[in-house]
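# Understanding the architecture of this molecule
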Amino acid sequence: MPTLLNADTNMPSFIKYTAAALHDQQFYKYIKELSVFSIIALDKAYINYSQFDAFTKRNIFYVTRQKDNADYMPIEEFILPDDARHILKDEKIEVTYMVNKEEIKQQMRRVAVCSVKYNKAFVYITNDFELTAVEIAAIYENRWQIETFFKKLKQNFPLTYFFGDNANAIEIQIWCALIALLLLDVTHKAHNSKMAFSILAAI
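In short, a report on the structure. Throughout, a residue's number is its position along its own chain's written sequence, starting from 1. pLDDT decides what is reported in this predicted model: residues at 70 or higher carry local features, side-chain atom pairs at 80 or more are listed and counted, and totals for whole chains, interfaces and linings draw on all residues regardless. Side-chain numbers come from the whole structure's heavy atoms, not from hydrogens or water.

In this section: the overall build of the chain. Each helix corresponds to a stretch of at least 4 residues labelled H or I by DSSP, and each strand to a stretch of at least 2 residues labelled E; elements are numbered beginning at the N terminus. Tallying secondary structure elements over the chain gives five helices and eight strands in all. Listing each helix as α and each strand as β along the chain from the N terminus yields β-β-β-α-β-β-β-β-β-α-α-α-α. Its C-alpha atoms give the chain principal-axis dimensions of roughly 55 × 45 × 30 Å. Each residue is assigned to one of three classes by its accessible area relative to the maximum for its type, calculated with a 1.4 Å probe on protein chains only: buried under 20%, partly exposed between the two thresholds, exposed over 50%. The 203 residues of the chain split such that 33% are buried. Carbon and sulfur atoms provide 54% of the accessible area of the chain, an area that totals close to 13100 Å². Charged side chains of the chain number 23 positive and 24 negative; the gap between the two group centres comes to 5 Å. Only the protein chains shown count as cover for residues, with accessible areas throughout obtained via the Shrake-Rupley method and a probe of 1.4 Å. None of His or the chain ends enter the tally, which takes Lys and Arg as positive and Asp and Glu as negative. The location of each charge is read from NZ of Lys, CZ of Arg, CG of Asp or CD of Glu.

Here it is as structure tokens:
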């Protein structure tokens, strides 16, 4: 169930059911309505340089993790601010890939960040050269909200078992859970309720 989550509401703006064997990148052909200057944070499974080039041409920004085995050429290294000591490197790079036997070169930004929490370095790539390196890292970290969303869905609604065993029955049950989650979330926020969401869902 590839999902596009709205960062303002932490609720989905688009969902597409797909076969488990279908590659995640098939999701791209369904998300053509992104507004100009949108920023989309993606998991590494969605890395596709041709798609990233299309985003850039439409003035849409992406932030994702760089693959460990990524091949690239450093072009320019940016000066790091004194107050961002956990930023290890901020640079412009160039990647080369093939499209229909034609060699394509694409420039992007590479930001390496040291995470104290996880005691490891994370490397991000983006086409945004205006935001700070700290902001780029924060945008990707906010992608974790999609994991929180699915956890909220699974913990509060009966999706550990299904009432039907065919694809249509399963989809209907998931849609019902999603609609209920959305309505309860609107109610919860509209009343500025201090009640835990799980209690509201149980009621």
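That covers the picture; the talk isn't over yet.
So, on to the sheet that holds strand E8 (residues 120-126). Only strands that DSSP links by at least two bridges are regarded as paired with each other. Here we have six strands laid out as an open sheet, ordered E3-E4-E8-E7-E6-E5, and mixed in their pairing. Taken across any chain shown, the strands that pair with only one partner, and hence form the sheet edges, are strand E3 (39-42) and strand E5 (73-77). Geometrically, the sheet is characterised by an average inter-axis angle of 30 degrees between neighbouring strands, direction not taken into account. Packed onto the sheet, helix H1 (residues 49-57) meets E3, strand E4 (61-65), strand E6 (87-99), strand E7 (102-115) and E8 and runs at close to 110 degrees relative to E6. Axes, fitted as lines to C-alpha atoms, cover a helix only where it is in contact. Angles between the N-to-C directions of the axes lie from 0 to 180 degrees. Only heavy atoms matter for contacts: two residues are in contact if any of them lie within 4.5 Å across the pair.

Here we take up the pairing of strand E2 (residues 11-15). The pairing of strand E1 (residues 3-6) with E2 spans four bridges and is classified as antiparallel. Counterpart to Leu4 in the pairing with E2 is Phe14. In this antiparallel pair of consecutive strands, E1 and E2, the connection spans four residues, and Asn10 shows a positive phi of 55 degrees.

The subject of this paragraph is the side chain of Thr3. With respect to the secondary-structure elements, Thr3 resides in strand E1. At 2.9 Å, the side chain of Thr3 and the backbone oxygen of Met1 are in polar contact. In this structure Thr3 touches Pro12, Phe14, Ile15, Phe27, Ile146 and Phe150, once residues within four positions along its chain are discounted. Under the rule applied, a polar contact is a pair of N or O atoms within 3.5 Å (in protein, one hydrogen donor and one hydrogen acceptor; residues adjacent in sequence only if both atoms are side-chain atoms).

Let us now look at H1. Those residues of H1 not exposed but buried are Tyr49, Gln51, Phe52 and Phe55. Looking straight down H1, one finds its buried side chains confined to an arc of 155 degrees; they lie on one side. Next to the buried residues of H1 lie E3, E4, E6, E7 and E8. Backbone nitrogen of Ser50 and a side-chain oxygen of the N-cap are separated by 3.1 Å at the start of H1; the cap is Asn48. Just downstream of H1 lies Asn59, where phi reads positive at about 60 degrees. The arc under discussion is defined with respect to the helix axis, by the directions toward the C-beta atoms.

This part is about the nonpolar core. We define a nonpolar core as any set of buried Ala, Val, Leu, Ile, Met, Phe, Trp, Tyr and Cys residues linked to one another through side-chain atoms lying within 4.5 Å. Within the largest apolar cluster, 19 residues are counted, with the highest numbers of intra-cluster contacts made by Ile40, Leu42, Phe52 and Phe55. At the level of secondary structure, the elements contributing two or more residues to this core comprise E3, H1 and E6. If you look at the next biggest cluster of nonpolar residues, it comprises 12 residues, including Ile15, Phe149, Phe157 and Ala177.

Let us look at the packing of aromatic side chains. When we look at a pair of aromatic rings, we describe it by the centre distance and by the angle of the planes. Note on aromatic pairs: the rings of Phe, Tyr and Trp (six-membered ring only in Trp) are paired at centre separations within 6.5 Å, and the planes decide the class, stacked below 30 degrees, edge-to-face beyond 60, tilted for the rest. Applying the stated criterion to the full structure yields 12 aromatic pairs. Each ring, one from Phe14 and one from Phe27, has its centre 5.8 Å from the other, and the planes form 40 degrees; the classification is tilted. Of this pair, Phe14 sits in strand E2 while Phe27 sits in the loop between E2 and E3, placing them 13 residues apart in sequence. Judged by relative accessible area, Phe14 falls into the partly exposed class, the value being 28%. Taking the centre distance of 6.0 Å and the plane angle of 85 degrees together, the rings of Tyr118 and Phe122 count as edge-to-face. Following the ring pairs from residue to residue traces out a cluster consisting of Tyr49, Phe52, Tyr62 and Tyr97. The cationic tip of Lys92 hangs over the ring face of Phe129; the distance from NZ or CZ to the ring centre is 5.7 Å. Over the face of the ring belonging to Phe197 we find Lys152, whose NZ or CZ atom lies 4.2 Å from the ring centre. By definition, being over a ring means that NZ of Lys or CZ of Arg is both within 6 Å of the ring centre and within 35 degrees of the ring normal.

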